[in-house]
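What the coordinates show
As a plain string of letters, each chain reads:
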Amino acid sequence: MSFVQHAVRFSVANPGSFEALMEHRFFHPALDRAASGKLFLREAMRLTGAEISMNRMPPGRAVPFMHRHRVNEEIYIFIAGEGEFQVDDEHFRVRAGTVVRVDPVAARSWRATGAAPLDYIVIQVPAGGYVGAGAIDDGVLLDKKPAWSPNAPVDAPTA
């Protein structure tokens, strides 16, 4: 995909705004047709441990089926809009700032209920596959300063 650049040890993507996601089409066998509003990044970014998709669901639209996964848990990060999410027999509201994690075997579906599109990111990773105590514990501080300024104020979260 032309919005991805690769280097030896990283890839960087700029697929554009969530509005531009409606230009991306994908085929889902349960729909028996192409749909728009979802962009998968795993192959484009050469991801090796996760699948990430950027998604836009127009107002009033819904996933018309329940689904589950064999291996992957999913993390839904809602960026904008309002909706309703169902996991098994439980229903709850989602909106910008909501994060939902779903076990692989749980049935799930969602819909956009607000006047604006429901924008969200989905991350799929193998359940139980995370190694380590956490991102902070996995990080290693280096004796090297960032190029932009060794004296920059530290007032933002660090990696």
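Just so we're clear, the structure is a prediction, and the values are computed from it rather than from any experiment. (Residues numbered from 1 in each chain as written. Predicted model: local features only at pLDDT ≥ 70, side-chain atom pairs only at ≥ 80, totals over all residues. Heavy atoms only, no water.)

We now examine the nonpolar core. Judged by nonpolar contacts, the single largest core of 15 residues is most densely connected at Tyr-76, Phe-78, Phe-85, Trp-110 and Tyr-120. At the level of secondary structure, the elements contributing two or more residues to this core comprise strand E7 (72–80), strand E8 (82–87), strand E10 (99–102), strand E11 (108–112) and strand E12 (118–126). Here this core gets three residues from one element, more than from any other, and that element is E12. Not counting residues up to four positions away in its chain, the partners in contact with Phe-85 are Tyr-76, Phe-78, Glu-90, His-91, Phe-92, Val-94, Val-100, Val-102, Arg-108, Ser-109 and Trp-110. Residues Phe-3, Val-4, Phe-18 and Leu-41 belong to the second largest nonpolar core, which totals nine residues. (Core = buried A, V, L, I, M, F, W, Y, C linked by side-chain atoms within 4.5 Å. Buried < 20%, exposed > 50% of the residue type's maximum accessible area, 1.4 Å probe, protein only. Helix = DSSP H or I, 4+ residues; strand = E, 2+ residues; numbered from the N terminus. Contact = heavy atoms within 4.5 Å.)

What follows covers the pattern of salt bridges. By the definition in use, this model includes eight salt bridges. The salt bridge involving Glu-73 is made with Arg-101; its shortest N-O contact spans 3.2 Å. You can see Glu-73 sitting in strand E7 and its partner Arg-101 sitting in strand E10, a full 28 residues away along the chain. Taking relative accessible area as the criterion, Arg-101 reaches 47% and is therefore assigned partly exposed. Two residues, Asp-103 and Arg-101, come together in a salt bridge whose shortest N-O distance is 2.5 Å. Using a relative accessible area of 37% as the deciding quantity, one classes Asp-103 as partly exposed. Linked by salt bridges that have partners in common, Glu-19, Arg-56 and Asp-119 make up one network. (Salt bridge = Lys/Arg side-chain N within 4 Å of Asp/Glu carboxyl O.)

Per the stated rule, a full pass over the model turns up nine aromatic pairs. On the numbers, 4.9 Å between centres and 75° between planes, the contact of Tyr-76 with Phe-85 is edge-to-face. Like Tyr-76, the residue Phe-85 is buried in the burial classification. Measuring from centroid to centroid gives 6.2 Å for Phe-78 and Phe-85, while their planes differ by 85°, and the two rings are edge-to-face. (Phe/Tyr/Trp six-rings, centres within 6.5 Å; stacked < 30°, edge-to-face > 60°.)

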